[in-house]
Amino acid sequence: MLESGCKAVKEGVLEKRSDGLLQLWKKKRCILTEEGLLLIPPKQQPPPPQPPLPAEPAAKIKELHFSNMKTVDCVERKGKYVYFTVVMAEGKEIDFRCAQEQGWNAAITLQMVQYKNRQAILAVRSTRQKQQHLAQP
């Protein structure tokens, strides 16, 4: 996702609720780009712009690509935190929380909407080009 031309829009720390029985909140370093959200364990370095050969530590980096993301949902403010849920296309829900002033939920939603709009524009252009090509004798 962090290939050339895909800049970081926002970087910082989010807390993600674990999938385990205890559902503990775990801190993740996050990088929001125009393509999606990278979740990096706090002690691990982000990948370089040009990915090297696959390495074992990189397996811990999770990529939530906007093409697989359905919505950002369930925004709730409690105490110093904002709680929100990222709903993936396959129905999986991933819970996050951050300090209210960080605005991660709004930033993720805005980037996702912009991504989906870009994809819709590309689809319309592609359809028009096909129609024009078919209309030519």
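Numbering of residues starts from 1 in each chain and follows the order in which that chain's sequence is written. It should be noted that, the model being predicted, local features are given only for residues of pLDDT at least 70 and side-chain atom pairs only at 80 or more, the latter also being counted only at that level, while totals for whole chains, interfaces and linings use all residues. For side-chain calculations, the full set of non-hydrogen atoms in the structure is used, while hydrogens and water are omitted.

Caption draft 1: Representation of the overall build of the protein chain in the model. Secondary structure elements are taken from DSSP: a helix is a run of H or I of four residues or more, a strand is a run of E of two residues or more, and numbering for both begins at the N terminus. Helix and strand content of the protein chain: one helix and seven strands. Of the regular secondary structure in the protein chain, the N- to C-terminal order runs β-β-β-β-β-β-β-α. For the exposure calls, accessible area comes from a 1.4 Å probe over protein chains only, and a residue counts as buried if that area is under 20% of its type's maximum, exposed if over 50%, partly exposed in between. The burial tally for the protein chain puts 31% of its 137 residues in the buried class. The contact criterion used throughout is that any non-hydrogen atoms of two residues lie within 4.5 Å. Counting contacts in the protein chain only where the partners sit at least 6 residues apart, residues at least 24 apart contribute 46% of the total. Of the roughly 9200 Å² of accessible surface on the protein chain, a fraction of 53% belongs to carbon and sulfur atoms. Method for areas: the Shrake-Rupley scheme with a 1.4 Å probe, in which residue coverage is limited to the protein chains shown.

Caption draft 2: Region of interest: the pattern of salt bridges. Salt bridges are defined as contacts in which a side-chain nitrogen from Lys or Arg sits within 4 Å of a carboxyl oxygen from Asp or Glu. Counted under the stated rule, the structure contains four salt bridges. One salt bridge in this structure joins Arg97 and Glu15, with 2.9 Å as the shortest N-O distance. With Arg97 in strand β7 (residues 93-99) and Glu15 in strand β1 (residues 8-17), the pair connects residues that are 82 residues apart, well separated along the chain. Residue classification places Arg97 among the buried positions, given a relative accessible area of 14%. Notably, a salt bridge pairs Asp95 with Arg17, separated by 3.2 Å at the nearest N-O pair. In this pair, Asp95 is assigned in strand β7 and Arg17 in strand β1, connecting sequence segments 78 residues apart. The class of Asp95 is partly exposed, set by a relative accessible area of 22%.

Caption draft 3: Structural detail: the side chain of His65. Assignment of secondary structure puts His65 in strand β4 (residues 62-65). Throughout this description, a polar contact denotes any pair of N or O atoms lying within 3.5 Å of each other; where both atoms belong to protein, one of them has to be capable of donating a hydrogen while the other can accept it, and for residues adjacent in sequence the pair is counted only when both atoms sit in side chains. Side chain to side chain, His65 and Glu35 meet in a polar contact 3.3 Å long. For His65, the contacting residues outside a window of four places in its chain are Glu35, Gly36, Met88 and Tyr115.

Caption draft 4: Up close: the side chain of Thr85. Mapped onto the elements, Thr85 comes out in strand β6 (residues 81-88). For Thr85, a relative accessible area of 6% corresponds to the buried category. Looking at Thr85, its side chain comes within polar contact range of the side chain of Asp95, at 2.8 Å.

Caption draft 5: Geometry of the packing of aromatic side chains. In summary, the pairing rule links any two rings of Phe, Tyr or Trp, Trp by its six-membered ring, whose centres are within 6.5 Å, and it sorts them by plane angle into stacked for under 30 degrees, edge-to-face for over 60 and tilted for everything else. Applying the stated criterion across every chain yields a total of four aromatic pairs. Ring centres of Tyr81 and Tyr83 lie 6.1 Å apart, and the angle between their planes is 65°; on these two criteria the pair is classed as edge-to-face. Residue Tyr81 is classed as buried on the basis of its relative accessible area of 19%. In textbook terms, an aromatic cluster arises when at least three aromatic residues are bridged by ring pairs, as seen for Trp25, Tyr81 and Tyr83. Cation over ring: Lys10 sits above Trp104, and NZ or CZ is 5.2 Å from the ring centre. Remark: a charge is flagged as sitting over a ring if the NZ atom of Lys or the CZ atom of Arg is within 6 Å of the ring centre and within 35 degrees of the ring normal.

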